[in-house]
Amino acid sequence: MQKKSVSRIVFEIINYCIMFLLTAVCLLPVIHVLALSFSSNTAAAAGLVKLLPVEFTTYSYQYVAGRKEFWNAVLRSLQRVGIGVPLSMLLTILIAYPLSKEADRFRFRTVYVWIFFFTMLFSGGLIPGYILIQNLKMMDSIWALILPIAVSVYNVVLMLNFFRGIPRELEEAAQIDGAGHLQTCFRIYVPCALPSIATISLFTFVGHWNSWFDGLLFSNFSQNYPLASYLQTVVVKRDMALIGAGDLQALQNISDRTVRCAQIFMGMLPVLVVYPFVQKYFVKGIVVGSVKG
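Undergrad: Please clarify how helix α11 (residues 194-210) should be interpreted in this entry.
TA: Working note: α-helix, 3.6 residues per turn, so residues spaced by three or four point in the same direction. An ideal rise of 1.5 Å per residue puts 24 Å on 17 residues; α11 measures up with 24 Å between its terminal C-alpha atoms. The buried count for α11 comes to twelve of 17 residues, which makes it a mostly enclosed element. Here α11 has its buried residues at Pro-195, Ser-196, Ile-197, Ala-198, Thr-199, Ile-200, Ser-201, Leu-202, Thr-204, Phe-205, His-208 and Trp-209.

Undergrad: Looking at this model, I keep getting lost on the nonpolar core. Mind explaining?
TA: Considering soluble globular proteins, one finds that nonpolar side chains tend to be buried as a cluster. Phe-70, Met-159, Phe-163, Leu-227 and Tyr-230 are the most contacted members of the largest nonpolar core, which has 39 residues in total. Of all the elements in the fold, those that place two or more residues in this core are α3 (59-65), α4 (68-99), α8 (153-164), α10 (181-192), α11, α13 (227-236) and α15 (256-288). When residues of this core are assigned to their parent elements, the largest contribution, eleven residues, is made by α4. In this structure, Val-33, Ala-35, Leu-36 and Cys-261 belong to the second largest nonpolar core, which totals seven residues.

Undergrad: Explain the environment of Thr-233 here, please?
TA: When you line up the elements, Thr-233 lands in helix α13. Under the relative-accessibility criterion, Thr-233 is labelled buried at 2%. Polar side-chain contacts of Thr-233 include one of 2.8 Å to the backbone oxygen of Ser-229.

Undergrad: Would you explain a nonpolar patch on the surface in this entry?
TA: A contiguous nonpolar patch, built from Trp-114, Phe-117, Phe-118, Met-120, Leu-121, Phe-122 and Tyr-154 and spanning about 810 Å² of accessible area, is present on the exposed surface. A per-element tally of the nonpolar patch places helix α5 (residues 109-121) first, with five residues. Structurally, Tyr-154 can be placed in helix α8. Look at Tyr-154 and you get partly exposed, because its relative accessible area is 47%.

Undergrad: Looking at this model, I keep getting lost on the environment of Ala-43. Mind explaining?
TA: Relative to the assigned elements, Ala-43 resides in helix α2 (residues 41-45). Its relative accessible area of 1% is what places Ala-43 among the buried residues. Residues Ala-43 and Thr-258, spaced 215 residues apart in sequence, show a C-alpha to C-alpha distance of 9.8 Å. Contact partners of Ala-43, with chain neighbours within four places excluded, come to Leu-48, Val-49 and Val-54.

Cut-offs used in this document
Residues numbered from 1 in each chain as written. Predicted model: local features only at pLDDT ≥ 70, side-chain atom pairs only at ≥ 80, totals over all residues. Heavy atoms only, no water. Helix = DSSP H or I, 4+ residues; strand = E, 2+ residues; numbered from the N terminus. Expected span 1.5 Å × (residues − 1). Buried < 20%, exposed > 50% of the residue type's maximum accessible area, 1.4 Å probe, protein only. Core = buried A, V, L, I, M, F, W, Y, C linked by side-chain atoms within 4.5 Å. Polar contact = N/O pair within 3.5 Å; in protein donor to acceptor, adjacent residues only side chain to side chain. Patch = residues over 30% accessible without salt bridge, like charges linked within 9 Å, V, L, I, M, F, W, Y side chains within 5 Å. Areas by Shrake-Rupley, 256 points an atom, 1.4 Å probe, with all protein chains shown as cover. Salt bridge = Lys/Arg side-chain N within 4 Å of Asp/Glu carboxyl O. Contact = heavy atoms within 4.5 Å.

Here it is in structure tokens:
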């Protein structure tokens, strides 16, 4: 085994220190929010809570779990993710597969690439988008939250570059056996691209779950808000129209900060649960799917 040089050891120590600091910067706020959510209202109001709960209590979670509006928003977000992620992945694959071919095999490939690239630089704008959704009669529907962001050009670029790294011999062998383009795409390319698909699915899932502005924009009634929009309205803006008389009485016995932290943590919990299952594909999907020179 080759002995490490002094400069290499110093480099690794500095690297470990930087990674530790970055991890702490990302992790400590989450731990603080979790500790606040399990602390009493007096301890939170006095600023006594740091990284561990003070006067442990679950009353904030009981309050949040008892709110019908909260669970309606959770179901709305689950519906959005359940439809939006598979639809987005299907469209991404169907777009990336032909665009991954060479120009001599797909004559207008360059034209389509420039069309998609143009949408990355310019968009119709907020007001035209709102008018379009309104004229299509999609206000307060789940499709208003899914269709406008169904295709991400950035995800298409990742996927098509991953497809371009798959050996062409596999496609030729499938075509010799009589496979068409759809069979080749879903039986050859998709199984080989699982790391990239897992990574892009995670991006899409997080994007749908955390998106709040479109829920406020395309929903006229609060019962149609996804979870992120509901949290933004109740936790950030504190819209009193969403708080009943019984809630006002309960808020006298709990801290606004603890309830806010409980809702934030419950909102981020699905992402924390999903990420470990796709983490092993994450680095490979990004590196292999990156733009090649």
